[in-house]
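This is what each chain is made of:
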Amino acid sequence: MPISFTRENSLFRLTTKNTLYAFDIVKGKLIHRYYGKKAGAVVKTFADEPGDVWSFAPYAKEGEVYFSLDTQPLEYSCFGSGDFRTTALRIKNGAGNSVTGFDYVSHKIRKGRVEIPNIPCGRADERTQTLDITLRDTASGCELHLYYTVFYDCDVISRYASVTNKSGGDVVIEKWMSLALDLPGHNYDVVSLAGAHCFERVFNERTPVFRGNLSMCSRRGASSHQMNPFMAVCDRKADENHGDVYGFNFVYSGSFLNEVEGDQTGKTRVQVGLGEENFNYRLKDGETVFAPEAVMTYSAKGFGPMSRNFHHFTNDHIVPEKAKERRPVVLNSWEAFYFDIDENIMVDFAAAAAECGMDMVIMDDGWFGARVNDKAGLGDWYVNKNRFKEGLAPYVERVKNTGVKFGIWVEPEMANPDSDLFRAHPEWCIRCPERPMSYSRSQYVLDMANPEVIEYLKGMFEETFRGVPIDYFKWDMNRHISEPGSMYLGAEDQGSMEYRYMQGVYSLFKWFRETYPDAMIENCSGGGGRYDLAMMAVCSQIWTSDNTNARTRTLIQYSSMLAYPASVMSCHVSNPHGNMHELDLKYKVAVNGVLGYEFNVLKTPEEVKEEIRRQVKEYRTFDRVITDGEYYRLSSPYESDVSAYYIELGDQILLSAIHTNGKAVIGKKKPCTKLAVRTADANATYRDTRTGMTVTGEQLKKGIEIGEFAPDESGWDAKLWHFVKE
Ligand code: GLA
């Protein structure tokens, strides 16, 4: 049983394949005991050991000076009740103060999981179990449920919570974290994936924990390019294959807060959740609200297993089952034509996709309303009849007659000020009426917290797409939320706008999935601006970055794989400008994930088309290895001249090495001339399907020489091996 409770010592034990998590109940409080290797001992510290007294630490009962919430390793700490560290929950009660304190009442061990209303979460399987603990705050009249869901096989435990107001009046949740964990010691580094538009998720920094608060957050109403919700806390010497690493992530696409804080007693508090700046929820009497799911994993052997645990979790419990069907190789119109599309161009483009052996053509931005540039038309989801004279259905039929499937771009959450939608309903945009509205990419954000907006969008799309056989939607989101106000919500509910916005967005995703059950959805937010687990749960894959330069992509993709699997990473080959070396480099970089193309193949030399045909065919021989295999990093582009990894699935190994000319190197350079496939079968012989070369498993384990690169003027080159066991 993954979850057990022993009454004699009030101890909860949560086990996964390789890890153990333990806590107990002392004086009504949940005290954290252990998170680590399964073999580790659960140590009782502090709580029942008189003598460990910290001055100035408040205690509840005279004579129990040793039991202070300020110094205990707590499962879930509340504001104002004697813990001066950063806390997970702060509720302003009817009396007007925000002192919060919950005590254990009861618990249940459930099969499966508790669903979170209108917010995606990990899918349970037959082994999934959930511990549901009920706690009560008699002073504020609130009930708290803490949920622990165990995903046994992938070594992941998740945390989420709900609060029910039973006070008879309103209360306000002012800060809310889904996951809180007190680790022993301070001797950790923190790793985050910060970045920017076109340079998302950079894995090149480690910040030591100190006696203060490290906070990593997004205040943008989106999980954001600038700071991804993933975070790891590792021991200072941890590397790819050694050391303790704790990985965390949040299954949510809006603003969030990750915190790591070293305290006076030598413990480190880690928290993941909605935070406080962009979240303030008035809870009416009798109402229940949920905090989204946060996930954690532990590896005793460095970052490699941490990544693989999260890859398994995402593939098995997050990504929709349907997405696991073979993902299409697409040809996208954006970098080919930008806004200059029409029916004839797109039909020719589709024919070229078919000729190159691709599966689908994607019509990107520019097909609707007055959208001939990014200044107008967003929100007006009816086809532009100047460009598609007979409407969408006959045009899509022509596309399909070329032999490829059809995908279309939408950006439901937005409106240009120059749109019929905004002219008719200025109150449907996020705004504070007393202030000017900021622009970003000449557009405003629709108030997805308003059900009328959601209904309007459903009606619009339903009409425009009626009878059109769409196989794929690219769902974009190209600005962040400023002036966060809703003209639909009342004054007391303004602080919950962003949370309700996300619920509205997820409900529209649900409608798309139910209305077009055979279509897949690719998520995009100016590239990877919502590259998070919740988006992965409602889409099939994500456009990794608007940056399609092979050199920058090498870094972005390497870093993204720290937390997310290759199966969701959409990677396109952009214009090689007739340069065959560039085409080869871009292809070898793109086969790190789900392959596609994005340039004007109508104007490309015949030899380029010929090579694309070959690439697509070859990719089909190992795409399952990429999407379903086990991923091992070998050399970091940030630390070496070579970026290298391999992916293994059954008898197949895909090995990749990209020579970076040392341009991406920071700090001291680690040389990389050999690539060792540690998990190869020593007794087998492998043949590289690309060159016919054979090599023994023994040699692969010891490491094969990379050999000479053939760099171009920029100094970059790439090599790829596809080994199959003979
Ligand atoms: C965003 C996307 C691009 C493209 C454009 C269209 O920038 O990331 O891929 O779809 O919007 O306007």
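Here the structure is shown first, and the text comes after it.
All chains use their own residue numbering, which begins from 1 and follows the written sequence. Totals for whole chains, interfaces and linings use all residues, but because this is a predicted model, local features are given only for residues with pLDDT of at least 70 and pairs of side-chain atoms are given and counted only at 80 or more. Side-chain numbers come from the whole structure's heavy atoms, not from hydrogens or water.

> Even after reading the chapter, I still don't get the overall build of the protein, so can you show me in this structure?
Strands are runs of DSSP state E lasting at least 2 residues, helices are runs of H or I lasting at least 4, and numbering of each runs from the N terminus. Scanning the protein from terminus to terminus reveals twelve helices and 38 strands. Radius of gyration (C-alpha) of the protein: 27 Å, near the 27 Å computed for a compact globule of 726 residues. With respect to the three principal axes, the spread of C-alpha positions in the protein is 85 × 70 × 45 Å. In what follows, residue pairs with any heavy atoms lying within 4.5 Å of each other are defined as contacts. Nonlocal contacts in the protein, meaning residues at least 24 apart in sequence, comprise 69% of its contacts between residues at least 6 apart. Here the protein has roughly 26,100 Å² of accessible surface; of this, 49% comes from carbon and sulfur atoms. With 84 positive and 99 negative side-chain charges, the protein shows a spacing of 3 Å between the two charge centroids. Only the C-alpha atoms count toward the radius of gyration. The rule for a globule is 2.2 Å times the residue count to the power 0.38. The accessible surface values rely on the Shrake-Rupley method and a 1.4 Å probe; as for residues, cover is taken only from the protein chains in view. The convention is simple: Lys and Arg are positive, Asp and Glu are negative, and His and the chain ends are not counted. By convention, the point assigned to a charge is CZ for Arg, NZ for Lys, CD for Glu and CG for Asp.

> I would appreciate a short explanation of the packing of aromatic side chains in the present structure.
Any aromatic ring pair is given by two values, namely how distant the centres are and how the planes are angled relative to each other. Stacked, edge-to-face and tilted labels apply to pairs of Phe, Tyr and Trp rings (six-membered ring for Trp) whose centres lie within 6.5 Å, assigned for plane angles under 30 degrees, over 60, and everything in between, in that order. Following the criterion strictly, the structure yields 51 aromatic pairs and no others. Here Tyr-35 and Tyr-298 contribute two aromatic rings whose centre-to-centre distance is 6.1 Å and whose plane-to-plane angle is 55°, an arrangement assigned as tilted. Note that Tyr-35 is positioned in strand β4 (residues 29-37) and Tyr-298 in strand β20 (residues 288-299), a separation of 263 residues in sequence. Only protein chains enter the accessibility calculation, which uses a 1.4 Å probe. A residue is then buried if its area is under 20% of the maximum for its type, exposed if over 50%, and partly exposed in between. Taking relative accessible area as the criterion, Tyr-35 reaches 5% and is therefore assigned buried.

> Just checking my understanding: could you explain the layout of surface pockets for this structure?
If a probe the size of a water molecule is rolled over the atoms, the empty space left behind becomes visible. Grid spacing is 1 Å over the protein atoms alone, the probe is 1.4 Å, and a cavity is where that probe fits but cannot get out, while a pocket is an open set with protein on both sides within 12 Å along at least five of seven lines and lining residues have an atom within 4 Å of a point. Grid points are joined across faces, edges and corners, and a volume is the space filled by probe spheres set on the points. Put simply, the largest pocket is a space of about 720 Å³. Together, 29 residues line the largest pocket, and Glu-240, Tyr-558, Ser-636, Glu-639 and Lys-670 are the ones closest to its centre. Elements with a minimum of two residues in the lining of the largest pocket: β31 (630-635) and β34 (674-675). Residues are grouped as follows: nonpolar covers Ala, Val, Leu, Ile, Met, Phe, Trp, Tyr, Cys and Pro; charged covers Asp, Glu, Lys and Arg; every other residue, Gly included, is treated as polar. Of the residues assigned to the lining of the largest pocket, the class counts are 13 nonpolar, seven polar and nine charged. What the second largest pocket holds in volume is close to 440 Å³. Taken together, 21 residues line the second largest pocket, and the ones lying closest to its centre are Lys-322, Glu-325, Asp-518, Ala-519 and Met-520. When grouped by side-chain class, the residues that make up the lining of the second largest pocket number eleven nonpolar, one polar and nine charged.

> Just checking my understanding: could you explain unusual backbone geometry for this structure?
Most peptide bonds take the trans configuration, and most residues that are not glycine carry a negative phi. Unlike most non-glycine residues, Lys-27 shows phi in positive territory, near 50°. With respect to the helices and strands, Lys-27 occurs in the loop between β3 (19-26) and β4. Taking relative accessible area as the criterion, Lys-27 reaches 42% and is therefore assigned partly exposed. In this model, Phe-56 sits at a positive phi of 70°, which is unusual for a non-glycine residue.

> How do you make sense of the packing of helix α10 (residues 580-590) against helix α11 (residues 606-628) when you look at a structure like this?
If you want to describe how two helices pack, look at the angle between their axes and the distance between the axes. Packing of α10 against α11 leaves a shortest axis separation of 11 Å and a crossing angle of 20°. Here α10 is positioned roughly parallel relative to α11, judged by the angle of their axes. The hand of the α10/α11 crossing is right-handed. Where α10 approaches α11, its residues Met-580, Leu-583, Asp-584 and Tyr-587 are matched on the opposing element by Glu-607, Val-608, Glu-611, Ile-612, Arg-614, Gln-615, Glu-618, Tyr-619 and Phe-622. Here the residues of the contact of α10 with α11 sort into seven nonpolar, one polar and five charged. Lines fitted to the C-alpha atoms define the axes, with helices restricted to the stretch that makes contact. Angles between their N-to-C directions range from 0 to 180 degrees. For this classification, under 35 degrees means roughly parallel, over 145 means roughly antiparallel, 65 to 115 means roughly perpendicular, and everything else is oblique. Left-handed describes a crossing whose near helix is turned anticlockwise from the far helix through less than a right angle; right-handed describes the clockwise counterpart.

> Explain the pairing of strand β30 (residues 594-598) to me, please; I cannot follow it from the model alone.
The side chains of a regular strand alternate between both faces of the sheet. Burial analysis of β30 places five of its five residues in the buried class, which makes it a mostly covered element. In the sheet, strand β21 (residues 330-332) pairs with β30 via two bridges, with the strands oriented parallel. Pairing of Leu-331 across the sheet is with Tyr-597, part of β30. As defined by bridge partners, strand β29 (residues 569-574) adjoins β30 across five bridges and the pair is classed as parallel. In the sheet register, Cys-571 faces β30, and the bridge partner there is Leu-595. A crossover connection joins β29 to the parallel β30 through α10; in handedness this β-α-β unit is right-handed. Here a strand pair is declared whenever DSSP counts at least two bridges between the two strands. Look down the strands so they point away from you; if the path from the first strand over the helix to the second goes clockwise, the crossover is right-handed.

> Teacher, can you tell me more about the environment of Val-114 here?
Looking at the secondary structure, you find Val-114 in the loop between β6 (103-111) and β7 (129-137). On the basis of relative accessibility, which here comes to 12%, the residue Val-114 falls in the buried class. It is 9.7 Å that separates the C-alpha atoms of Val-114 and Gln-129, two residues lying 15 residues apart in sequence. In this structure, Val-114 is in contact with Thr-130, Tyr-147, Tyr-160 and Phe-290, ignoring residues within four places of it in sequence.

> Sorry, what's going on with the site of the ligand here?
Asp-364, Asp-365, Arg-441, Lys-474 and Asp-546 are the nearest of the 13 residues found near the ligand. As used in this structure description, the phrase polar contact means that two N or O atoms lie within 3.5 Å; if the pair is within protein, one of them must be able to donate a hydrogen and the other to accept it, and residues adjacent in sequence are counted only when both atoms belong to side chains. Within the side chain of Trp-409, an N or O atom sits 3.0 Å from an oxygen atom of the ligand. Interatomic distance of 2.4 Å between a side-chain N/O atom of Asp-546 and an oxygen atom of the ligand. Coverage of the ligand by the protein chains reaches 96% of its 310 Å² of free accessible surface. Among the residues forming the shell around the ligand, the class breakdown is four nonpolar, three polar and six charged. Any residue with a heavy atom lying within 4 Å of a molecule or strand is counted as near it.

> Explanation requested: the packing of helix α3 (residues 343-355) against helix α4 (residues 392-401) in the structure shown.
Between α3 and α4, the shortest axis-to-axis distance is 8 Å and the interhelical angle comes to 25°. Considering their axes alone, α3 and α4 lie roughly parallel with respect to each other. Between α3 and α4 lies a crossing of right-handed hand. Residue-level contacts link Glu-343, Asn-344, Met-346, Val-347 and Ala-350 of α3 to Tyr-395, Arg-398 and Val-399 of α4. Partitioned by chemical class, the residues of the contact of α3 with α4 number five nonpolar, one polar and two charged.

> Would you mind showing me how to read helix α1 (residues 303-318) here?
Three or four residues apart is the spacing at which side chains of an α-helix point the same way, because the helix has 3.6 residues per turn. With 16 residues, α1 ought to run about 22 Å at 1.5 Å a step, and its terminal C-alpha atoms sit 21 Å apart, in line with that. α1 sits mainly inside the fold: 13 of its 16 residues count as buried. By this rule the span expected of a helix is its residue count minus one, scaled by 1.5 Å.

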